[in-house]
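What follows is each chain in one-letter form.
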Amino acid sequence: MRDPVTVSTGQTYDRSSIESWVATGNTTCPVTRAPLADHTLIPNHTLRRLIQEWCVAHRSMGVERIPTPKQPADPDLVRSLVAQGPVLPATRRLRALARESDKNRLVMATRETRAALVEVAFGSGSDEEEVAAEAMAVLALVGLGEAEAAEVVGREDRVARLAKALNGAASLEARVNAGAVVEAAASASSAEARAALGGADGVMEGLVALVDEKAHARAVRVGIRALFALCLARENRARAVAAGAASALARRVADGSAAGEPERALAAVERLCRAEGGRDAVVAGAGGGQAAVRALVRAMSGRAAEHAAGALVAVVGGAEALQAEAVRAGAMSQLLLMVQGGCSDRAKRKAQHLLKLLRAAWPANDCIANSDDFLQPY
């Protein structure tokens, strides 16, 4: 144990273990099987000190002393700060707590806290703008549930406020926070609400601008995540292409600066390739057909492979020169690995389709070119 805590039944567990147990839907004590009266975790300071003393005593054997863990925010403190309403010191303290740790964000992610923050973030008073910006920053860290997302997306004035912050906020940080709230709202909304959010003036354009902030990793990451969430709605894809999303995402994929979100970036690119003008925009954004092909072939590994293969189908379809470029770039070996490996059935079907598409460009003396072994449907 590194952070022993005691539950309502009196049993002690390591914090990360019992939190995982509860997070997966369990409502009983793992040892006694008795129902947990509540999910309050009380730090077991005595046991932690004994563990630390044991570590120190066995230092000569290579055992390192565990640090004293920082305890999560007190729920009563969070409720007290929220109860103060649109007061700058209180919202600043909430933001500091949210930035401090995942544990604090988990404590703060209650419906009551998020609903109160939505009311403050979308307040209309000009004298409360700084307070509203702080509340928006907290929401960007804590996220939204379905109820809070509906309270935001269901009101045109609030969506307009988000769009204004995305495009006209005084600082890049404020724009990024607005983008994170858009992503949280889109992820927690129905398909219809997601389409309405993506259709609001300025939302797509503001997110594309974040993706283009190459020097700011968080801005790129938030922009990619929000565009991915919005493009799950078919109605938003043509809007995204028109706003420049396909080109911007392709640029990040091509230069390898997707800020740790290559899977979502490629998933969005694949979807946008199917929209009118999307394929051409992706090619242009990547720097031309050959550059787009090489970038997508490089991306055909790991969890992003399926989406890279799907986008490559759209890029090389009907273009023999690009099909030959894909073969030269090593697409065949990557696709064969996908067919033979542990990919999903959908990923394997995409790989098989692409193999058939590229078959005419395979070298005539390649044994694979004369075999249908890898082209059979699963």
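In this text the structure is predicted, and so the values were computed from the model without any measurement.

Caption draft 1: Quick look at the overall build of the protein. If you tally the helices and strands in the protein, you get 22 helices and three strands. For the C-alpha atoms alone, the extent of the protein along its principal axes is close to 75 × 60 × 40 Å. Partitioning the contacts of the protein with sequence separation of at least 6, the portion at a separation of at least 24 is 63%. As displayed, the protein has an accessible area near 18300 Å², and 51% of this comes from carbon and sulfur atoms. Each charge class in the protein was averaged separately, 46 positive and 43 negative side chains, and the resulting centres sit 4 Å apart.

Caption draft 2: Representation of the pattern of salt bridges within the structure. Across all of its chains, the model carries 28 salt bridges by this definition. With its nearest N and O atoms 2.9 Å apart, the salt bridge here joins Asp212 to Arg251. With Asp212 in the loop between α12 (203–211) and α13 (217–230) and Arg251 in helix α15 (residues 245–254), this pair connects stretches of sequence that are 39 residues apart. According to the relative accessible area criterion, Arg251 is partly exposed, its value standing at 30%. The salt bridge partner of Arg328 is Glu325, with a shortest N-O separation of 2.9 Å. Here Arg328 and its partner Glu325 are both found in helix α20 (residues 320–328), three residues apart, which amounts to about one turn of the helix. Bridged by salt links that share partners, the residues Asp212, Lys214, Arg251, Arg252 and Asp255 form one connected network.

Caption draft 3: Local environment of helix α10 (residues 172–187). Here α10 spans 22 Å end to end across 16 residues, near enough to the 22 Å set by a 1.5 Å rise per residue. Where burial is concerned, most of α10 is hidden: twelve out of the 16 residues are buried. Of the residues making up α10, those classed as buried are Arg175, Val176, Asn177, Ala178, Gly179, Ala180, Val181, Val182, Glu183, Ala184, Ala185 and Ala186.

Caption draft 4: Quick peek at the nonpolar core. Val182, Leu207, Met300, Val316, Leu335 and Leu358 are the most contacted members of the largest nonpolar core, which has 108 residues in total. Excluding residues within four positions of it along the chain, Leu358 makes contact with Val316, Gln323, Ala326, Val327, Ala331 and Leu335. Of all hydrophobic cores here, the second largest spans six residues; its members include Val7, Tyr13, Ile18 and Cys29.

Caption draft 5: Highlighting unusual backbone geometry. Its identity is not glycine, yet Arg33 carries a phi of approximately 65 degrees, on the positive side. Mapped onto the elements, Arg33 comes out in the loop between α1 (15–23) and β3 (42–43). Arg33 sits in the exposed class, given a relative accessible area of 54%.

Caption draft 6: Summary view of the side chain of Ser189. For Ser189, the location among the structural elements is in the loop between α10 and α11 (191–198). A distance of 2.5 Å separates the side chain of Ser189 from the backbone oxygen of Ala185, its partner in a polar contact.

Caption draft 7: The arrangement of the packing of α12 against helix α14 (residues 235–243) in detail. One can describe the packing of α12 onto α14 by two numbers: an axis separation of 9 Å at closest approach and a directional angle of 55 degrees. Considering the angle they form, α12 stands oblique to α14. Regarding α12 and α14, the two cross each other, and that crossing is right-handed. The segment α12 lies against α14, with Met204, Glu205 and Val208 engaging Asn236, Arg239, Ala240 and Ala243.

Caption draft 8: Expanded view of the side chain of Arg95. Along the chain, Arg95 turns up in helix α4 (residues 88–100). Within the structure, the side chain of Arg95 is placed 3.4 Å from the side chain of Glu134, a separation counted as a polar contact. Once residues lying within four places of it in the same chain are set aside, the contact partners of Arg95 are Glu134, Ala137, Val138, Leu141, Glu173 and Asn177.

Caption draft 9: Structural context of the environment of Gly179. By secondary structure assignment, the location of Gly179 is in helix α10. Considering only alpha carbons, one finds Gly179 and Gly168, eleven residues apart in sequence, at a separation of 12 Å. Contact partners of Gly179, with chain neighbours within four places excluded, come to Leu166, Leu207, Leu210, Val222 and Ala226.

Caption draft 10: Representation of the UniProt feature "domain: U-box" (unreviewed entry) in the protein within the structure. Per the UniProt annotation, the sites labelled "domain: U-box" (unreviewed entry) are residues 1–61. Measuring from the first to the last C-alpha atom of residues 1–61 gives 18 Å, for a span that is 36% helix and 13% strand.

Caption draft 11: Looking closely at the sheet that holds strand β2 (residues 12–14). Within the open sheet, the three strands sit side by side as β2-β1-β3. Their pairing is antiparallel. Of all the strands in the sheet, just β2 and β3 have a single pairing partner and so form its edges. The pairing of strand β1 (residues 4–6) with β3 spans two bridges and is classified as antiparallel. Bridge pairing in β3 links Val5 to Pro43.

Caption draft 12: Structural view of the packing of helix α19 (residues 305–316) against helix α22 (residues 345–358). Relative to each other, α19 and α22 sit at 30 degrees, their axes nearing to 9 Å. Comparing the axis directions of α19 and α22 gives the class roughly parallel. Between α19 and α22 lies a crossing of left-handed hand. Between α19 and α22, the contacting residues are Glu306, His307, Ala309, Gly310, Leu312, Val313 and Val316 on the first element and Arg346, Ala347, Lys350, His353, Leu354, Leu357 and Leu358 on the second.

Each value, and the rule that gives it
Residues numbered from 1 in each chain as written. Predicted model: local features only at pLDDT ≥ 70, side-chain atom pairs only at ≥ 80, totals over all residues. Heavy atoms only, no water. Helix = DSSP H or I, 4+ residues; strand = E, 2+ residues; numbered from the N terminus. Contact = heavy atoms within 4.5 Å. Areas by Shrake-Rupley, 256 points an atom, 1.4 Å probe, with all protein chains shown as cover. Lys, Arg positive; Asp, Glu negative; His and termini not counted. Charge placed at Lys NZ, Arg CZ, Asp CG, Glu CD. Salt bridge = Lys/Arg side-chain N within 4 Å of Asp/Glu carboxyl O. Buried < 20%, exposed > 50% of the residue type's maximum accessible area, 1.4 Å probe, protein only. Expected span 1.5 Å × (residues − 1). Core = buried A, V, L, I, M, F, W, Y, C linked by side-chain atoms within 4.5 Å. Polar contact = N/O pair within 3.5 Å; in protein donor to acceptor, adjacent residues only side chain to side chain. Axes fitted to C-alpha atoms, helices over the stretch in contact; angles between N-to-C directions. Parallel < 35°, antiparallel > 145°, perpendicular 65-115°, else oblique. Left-handed = near helix turned anticlockwise from the far one by under 90°. UniProt positions renumbered as here; feature names shortened; annotations may be inferred. Pairing = 2+ DSSP bridges.

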